[in-house]
Amino acid sequence: MSDRSESEDEGCSKRRVVYVYSPEYIETCDSLSKVPNRASMVHSLIEAYGLLKHMSLVKPQVATIEEMAKFHTDSYLEHLHKISQDGDNDDPQSIDYGLGYDCPVVEGIFDYAAAVGGATLTAAQCLLDQKCEVAINWAGGWHHAKKDEASGFCYVNDAVLGILKLREKYERVLYVDVDLHHGDGVEDAFSFTSKVMTASLHKFSPGFFPGTGDVSDTGLGKGRWYAVNVPLEDGIKDDRYYQVFTRVMQEVRAQFNPEAVVMQLGADTMAGDPMCSFNMTPVGVAKCLQYVLQWQLPALLLGGGGYNLANTARCWTYLTASVLGQTLSSEIPDHEFFTEYGPDYSLEISPSCRPDRNDAKHLDQVISTIKGNLKNVV
């Protein structure tokens, strides 16, 4: 972290950061079956490193049905509410709404959705009210949910709700998604508009969820050319990822000229994730994040995937420190979840010994195609 220029350092130390947090919110998020206790592990590590004192903690509001209905359909929200009350897994309608296999019905799932949606709306509102330059909701970033169906562990698309909230003030909002999976729900939500550009870097491979996001997927109607997709293969590491990211984002910014940015920072790209796909570390993701933050636009930061829970906490804690311009010690501090960080009890994540399947020539071609597509943005 010590290789930044002084001017960047100043930018960090002066940066006002809001961190959306309440004990009740963390408890609600912990109950999500796919990532049990993850929210607590992330928060506890951020707290153990002493980062909370450098941020404003803001208690999240719970989203109302009306607020969630800015994107989701009434019928979907009503159904989610109905089955959530008794954890009814047998409702025949559920399958139409994407509820079941990937998105199990558990009691209280509606309250979870409203909590996450509300937290991202709270973060976005802090940016609108100019309480901060950066607002963080690590328990958000559920980018697969569609307006009328749950998908890929996502019951509410808080990223879409956050973007719509920012659109109340900002004419052009950029969405940047560095999760392992394509940000399909967010892209779909804005595929017909030129007011929101979506840019997603992700694994694209036959049979890999959600199966969308090829370089040729560029948006529709008035939104054609306003969706940017960077399909990648297994094994990519920090340096090459950062090169691709900056080459694409430089062009995105030049052509679209956003007024605000929402960034989804799913940690399932990390080495050691059970997805076993990319081979990244928090250092590479932090460089990508810093590249976007140096634009000095209002920025909403969200979590997302991340199924090695300790590595996800390592990643988002490192990113939080990076936003704040703080340097962290390698030794994990003693705290509630300390034993989860064995055997090395270190903040660093080491890349695995796996080959990078990305061919340099092919990546150049993809980037060249994207640059050509972006020339059509008016």
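These numbers were taken from a predicted model, which means no experiment stands behind them. (Residues numbered from 1 in each chain as written. Predicted model: local features only at pLDDT ≥ 70, side-chain atom pairs only at ≥ 80, totals over all residues. Heavy atoms only, no water.)

Draft legend 1. A look at the nonpolar core. Counting 136 residues, the largest nonpolar core has Tyr155, Leu166, Tyr241, Phe245 and Met249 as its most contacted members. Among the elements that line this core, the one with the most residues is helix α6 (residues 109-128), at 14 residues. Residues contacting methionine 249, with those up to four places away along its chain left out, are Val176, Ala199, Leu201, Tyr291 and Trp295. (Core = buried A, V, L, I, M, F, W, Y, C linked by side-chain atoms within 4.5 Å. Buried < 20%, exposed > 50% of the residue type's maximum accessible area, 1.4 Å probe, protein only. Helix = DSSP H or I, 4+ residues; strand = E, 2+ residues; numbered from the N terminus. Contact = heavy atoms within 4.5 Å.)

Draft legend 2. Inspection of the pairing of strand β3 (residues 134-137) at higher detail. Burial of β3 is two-sided: the residues Val134 and Ile136 facing one way and the residues Ala135 and Asn137 facing the other way are all buried. The sheet contact formed by strand β1 (residues 17-20) and β3 spans three bridges and is parallel. Opposite valine 18, over in β3, you have alanine 135 as the bridge partner. Of the pairings in the sheet, the one linking β3 to strand β8 (residues 299-302) comprises four bridges and is parallel in character. Bridged to alanine 135 within β8 is leucine 300. (Pairing = 2+ DSSP bridges.)

Draft legend 3. Looking closely at the packing of aromatic side chains. Within the structure shown, the criterion is met by 10 aromatic pairs. Summarising the aromatic geometry, the rings of phenylalanine 245 and tyrosine 291 are spaced 6.4 Å apart at their centres and angled 85° between planes, so their arrangement reads as edge-to-face. Highlighted residues: phenylalanine 245 in helix α9 (residues 238-256) and tyrosine 291 in helix α10 (residues 282-293), separated in sequence by 46 residues. Residue class for phenylalanine 245 comes out buried when judged on its relative accessible area of 0%. Owing to a relative accessible area of 15%, tyrosine 291 belongs among the buried residues under this scheme. In textbook terms, an aromatic cluster arises when at least three aromatic residues are bridged by ring pairs, as seen for Phe245, Tyr291 and Trp295. Sitting over the face of the ring of phenylalanine 208, lysine 203 holds its NZ or CZ atom 4.5 Å from the ring centroid. Across the ring face of tyrosine 242, the terminal group of lysine 287 is positioned such that the distance to the ring centre comes to 4.3 Å. (Phe/Tyr/Trp six-rings, centres within 6.5 Å; stacked < 30°, edge-to-face > 60°. Lys NZ or Arg CZ within 6 Å of the ring centre and 35° of its normal.)

Draft legend 4. Quick look at the pairing of β1. Of the two faces of β1, the one lined by Val17 and Tyr19 and the one lined by Val18 and Val20 are each fully buried. Pairing of β1 with strand β2 (residues 56-58) involves three bridges; the strand directions are parallel. Counterpart to valine 18 in the pairing with β2 is serine 56.

Draft legend 5. Broad picture of the environment of aspartate 74. Counting through the fold element by element, aspartate 74 comes out in helix α5 (residues 74-86). Expressed as a C-alpha distance, the spacing of aspartate 74 and tryptophan 295, which sit 221 residues apart in the sequence, is 37 Å.

Draft legend 6. Local environment of the pattern of salt bridges. The full count for this structure, using the stated rule, is 12 salt bridges. The partner of glutamate 133 in a salt bridge is arginine 16, with the nearest N and O atoms 2.8 Å apart. One end of the pair, glutamate 133, is in the loop between α6 and β3; the other, arginine 16, is in the loop between α1 (6-14) and β1, with 117 residues separating them in the sequence. Residue classification places arginine 16 among the partly exposed residues on the basis of a relative accessible area of 38%. A salt bridge links aspartate 364 to arginine 247; the nearest nitrogen and oxygen atoms lie 3.0 Å apart. (Salt bridge = Lys/Arg side-chain N within 4 Å of Asp/Glu carboxyl O.)

Draft legend 7. Fine view of the state of the cysteines. Tallying each qualifying case throughout the model produces zero disulfides. Residue cysteine 126 stays outside any disulfide, its sulfur separated by 5.3 Å from that of cysteine 132, the closest cysteine. We classify cysteine 126 as buried; its relative accessible area is 3%. The exposure class assigned to cysteine 132 is buried, which follows from its relative accessible area of 5%. (Disulfide = S-S within 2.5 Å.)

Draft legend 8. Fine view of the environment of glutamine 61. Mapped onto the secondary structure, glutamine 61 falls in the loop between β2 and α4 (65-68). Given the relative accessible area of 56%, glutamine 61 is considered exposed. With 57 residues separating them in the primary sequence, glutamine 61 and glycine 118 have C-alpha atoms 5.2 Å apart. In this structure glutamine 61 touches Ala115, Gly118, Ala119 and Thr122, once residues within four positions along its chain are discounted.

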